[in-house]
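# Inside the fold
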Amino acid sequence: MKMEWKYLPAQDCYVAGNISYCEAPANPGLQTMHIYVPACYMKPDGQVNPEGLHTSGSGVSYTAKTVPVILYNDIGGYSECKPAGLIDRNKEFVEDGFVLVSIGARGRQSVDEKGNPTGKAPAALVDLKAGVRWLRKHQNELPGNYDRIISVGTSAGGAMSSLLGATGNSEYFLPYLKEIGAEMDERDDIYAAQCYCPITDLDHADLAYEWMFQAKAVSTRSARELPVAMDGFHRDLSAGLAKAYPSYINSLSLGAELGPDGRSGSFYTGLMEKVSQSLAKFLQRNVGYAESLVEELNAGTDLICWDGESAGITDLDKYVRVFIGRMKPCPSFDGLSLETFENQEFGTADSPREHFSAATAKIFGQLQDGVLNGAASEDTPAKTAAQETAVPESPIPEKWGISPEMSDRARHFNPLYYLLAPEKESDIAPHYRIRLGSKDADTSFGISYSLYLALQYAGIDADYALVWGLGHCNADYPGEFAAWVESICG
Ligand code: DHB
């Protein structure tokens, strides 16, 4: 295959754009990628330069044969995405001397020319896999080490990154890959996954959200609107979902337990330790002002301890009240009126939006059956006047069931399923790095922390940290991603 390379002087790199990575794309404009190559690895005639060498600031050198390949997806909100150009979120990969493959993918709203849905789960993941397979097929024509593919994504894109890492070569995806004309003789496992604030474990994300945010018994109708008080129905639902989270976590046997109150056990203390370490790192980087920063952050509370070296935050409820605040309504992911990104992601050919969480359906059903009425009263403060008069957030539907087919589909779109599977179903990436902002309210901290514990359980090298003061974004300190890549690739 002849690739057309163009030199970009501002970035001193070559780009081959809009490469189709499958032969029967459902959405030809989306299922493409751009390949960016630092100029040192290429000759001006578009051939690979075997003598080309890049040496990083820390003295690590790569050649055209050894340089790691960053597979960057710009997926957000489970939407479709075209391959991103060189933007703030990805250009550092080229500046750091890596090959950058920026990939597009179908998403929750994608349709074909007849208007039929084409991008429902697991389509985006299938597209990333097809991209990996195409790169392997063409690796001899390209600079880069295609045994060192490192996936990077943020939020829904971070979830995709976690899935790409967990599902390598899984047979489950073969029919989907065949359907779009992917390279069927190639592998789709990857070497490492960088997951920024992954919005994953969608089938249990409602439980995790209420476990973390329930103490804040207010909600919002949308991310941008002012908080409103939850009515009694939603407070009971919130309490029921929150209460179910410890049993769910404990059922995973992650080697860390969550106490029945949700605020004790090694899962809880381990996570709070990660939050504390995030603050300690921030204070150590600002050591000249650390005392006054702590005073300011504490703002009259005794939430934070700081001894000049390590920090301590042990109360998740106070932490949420002081630093984060709730962002989403209850339930947050499998919406009562099918209003969320995720409901659309799990739509089918016949219905554009679907329920998908058996765990949420179960708790909702219990509430409708009267089993959970008043569940909130033991857990949450007495209703305020505002709560007494609050209007329901959305019309309350009849209870619903989740079909076995939908449960199976949601399970196969959950990295934990592959990491914890007793029978090996996939080739899991040997390295993971997870980062999220300490103010992230788009999903519960429990989601990324349980992913981290599951990786450890599976014997995978996993690095997990929160980055203090940042919200829902590709939270990181400058230079740390590249240092991680060097540490795992040598
Ligand atoms: C994203 C954010 C969300 O709150 C969500 O539920 C799903 C995806 C995102 O930013 O990709």
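For the structure itself, consult the block above.
Figured I'd write up the structure that's included with this text. (Residues numbered from 1 in each chain as written. Predicted model: local features only at pLDDT ≥ 70, side-chain atom pairs only at ≥ 80, totals over all residues. Heavy atoms only, no water.)

### Notes on the overall build of the protein
A tally of helices and strands in the protein yields 16 helices and 15 strands. Computed over C-alpha atoms, the radius of gyration of the protein comes to 23 Å, within 12% of the 23 Å expected from 2.2 N^0.38 for 490 residues, which places it in the range of a compact globule. The principal-axis extents of the C-alpha atoms in the protein amount to approximately 75 × 60 × 40 Å. Relative to its full complement of 490 residues, the protein shows a buried share of 59%. Within the protein, contacts between residues separated by at least 24 positions form 73% of all contacts whose residues are at least 6 apart in sequence. In the form shown here, the protein has an accessible surface area of approximately 19,700 Å², with 50% of it arising from carbon and sulfur atoms. For the protein, the distance from the average site of its 41 positive side-chain charges to the average site of its 65 negative ones is 2 Å. (Helix = DSSP H or I, 4+ residues; strand = E, 2+ residues; numbered from the N terminus. Rg over C-alpha atoms; globule rule 2.2 N^0.38 Å. Buried < 20%, exposed > 50% of the residue type's maximum accessible area, 1.4 Å probe, protein only. Contact = heavy atoms within 4.5 Å. Areas by Shrake-Rupley, 256 points an atom, 1.4 Å probe, with all protein chains shown as cover. Lys, Arg positive; Asp, Glu negative; His and termini not counted. Charge placed at Lys NZ, Arg CZ, Asp CG, Glu CD.)

### Some remarks on the site of the ligand
Every residue near the ligand is listed here: Gly-76, Gly-77, Ser-155, Ala-156, Ile-199, Lys-328, Phe-333, Phe-341, Glu-342, Asp-442 and His-472. Between the ligand and the protein, one listed contact pairs an oxygen atom with a side-chain N or O atom of Ser-155 at 2.7 Å. The separation between an oxygen atom of the ligand and a polar side-chain atom of Lys-328 is 2.7 Å. Considering the ligand on its own, with 290 Å² of exposed area, one finds that the protein chains cover 89% of that surface. (Near = heavy atom within 4 Å. Polar contact = N/O pair within 3.5 Å; in protein donor to acceptor, adjacent residues only side chain to side chain.)

### Looking at the side chain of Ser-426
One can find Ser-426 in the loop between α14 (415-420) and β14 (431-437). Overall, the relative accessible area of 5% leaves Ser-426 in the buried class. Here the side chain of Ser-426 touches Ala-166 through a polar contact of 2.6 Å, landing on its backbone oxygen. Setting aside chain neighbours within four positions, we find Ser-426 in contact with Ala-166, Thr-167, Gly-168, Ser-170 and Tyr-418.

### Re the packing of aromatic side chains
The tally for this structure, following the rule as stated, stands at 28 aromatic pairs. Here the aromatic rings of Tyr-72 and Phe-93 are separated by 6.3 Å at their centres, their planes lie at 45 degrees, and the arrangement is tilted. With a gap of 21 residues between them, Tyr-72 in strand β6 (residues 69-73) and Phe-93 in helix α1 (residues 91-95) connect regions that are remote in the sequence. Comparing Tyr-72 with Phe-93, the two get one shared label, buried. For the ring pair Trp-211 and Phe-267, a centre distance of 6.1 Å and an interplane angle of 70 degrees mean the geometry is edge-to-face. Here Phe-267 lies in helix α7 (residues 266-285) and Trp-211 lies in helix α5 (residues 205-213), a separation of 56 residues in the sequence. In terms of burial, Trp-211 and Phe-267 fall into one category: buried. (Phe/Tyr/Trp six-rings, centres within 6.5 Å; stacked < 30°, edge-to-face > 60°.)

### Structural notes on unusual backbone geometry
Cis geometry is adopted by the peptide bond preceding Pro-122, which originates at Ala-121 and carries an omega value of 10 degrees. Cis geometry marks the peptide bond from Cys-330 to Pro-331; its omega dihedral reads -5 degrees. As for its placement among the helices and strands, Pro-331 is situated in the loop between α9 (316-324) and α10 (341-345). Positive phi is not limited to glycine here, since Tyr-78 has a value of about 60 degrees. For Tyr-78, the location among the structural elements is in the loop between β6 and α1. Given a relative accessible area of 4%, Tyr-78 falls into the buried group. Within the chain, Ser-253 stands out as a residue other than glycine whose phi angle is a positive 50 degrees. Of note, Ser-253 is situated in the loop between α6 (232-251) and α7.

### Side note on the state of the cysteines
For the structure shown, the criterion picks out zero disulfides. Left without a disulfide partner, Cys-13 is nearest to the cysteine sulfur of Cys-40, which lies 11 Å away. Looking at the unpaired Cys-81, the closest cysteine sulfur is the one in Cys-22, lying at 14 Å. (Disulfide = S-S within 2.5 Å.)

### Concerning the pattern of salt bridges
For the structure shown, the criterion picks out 19 salt bridges. Between Arg-187 and Asp-189 there is a salt bridge, with the nearest N and O atoms lying 2.8 Å from each other. Between Lys-399 and Asp-369 there is a salt bridge, with the nearest N and O atoms lying 2.6 Å from each other. Of the two residues, Lys-399 sits in the loop between α12 (385-388) and α13 (404-411) while Asp-369 sits in the loop between α11 (358-368) and α12, which places them 30 residues apart along the sequence. (Salt bridge = Lys/Arg side-chain N within 4 Å of Asp/Glu carboxyl O.)

### Details of empty space enclosed by the protein
Enumeration according to the criterion identifies one cavity of 30 Å³ or more in this entry. Contributing to the lining of the largest cavity are Cys-197, Pro-198, Leu-436, Asp-440, Thr-443, Ser-444 and Ser-448. Taken together, the residues of the lining of the largest cavity break down into three nonpolar, three polar and one charged. (1 Å grid on protein atoms, 1.4 Å probe; cavity = no way out; pocket = protein on both sides within 12 Å on 5 of 7 lines; lining within 4 Å. Points joined across faces, edges and corners; volume = space filled by probe spheres on them. Nonpolar A, V, L, I, M, F, W, Y, C, P; charged D, E, K, R; others polar.)

### What to know about the pairing of strand β8 (residues 149-154)
Judged by how many residues are buried, β8 sits mostly within the fold: six of six residues are covered. Residues Ile-149, Ser-151 and Gly-153 point to one face of β8 and Ile-150, Val-152 and Thr-154 to the other, with burial holding for every one of them.

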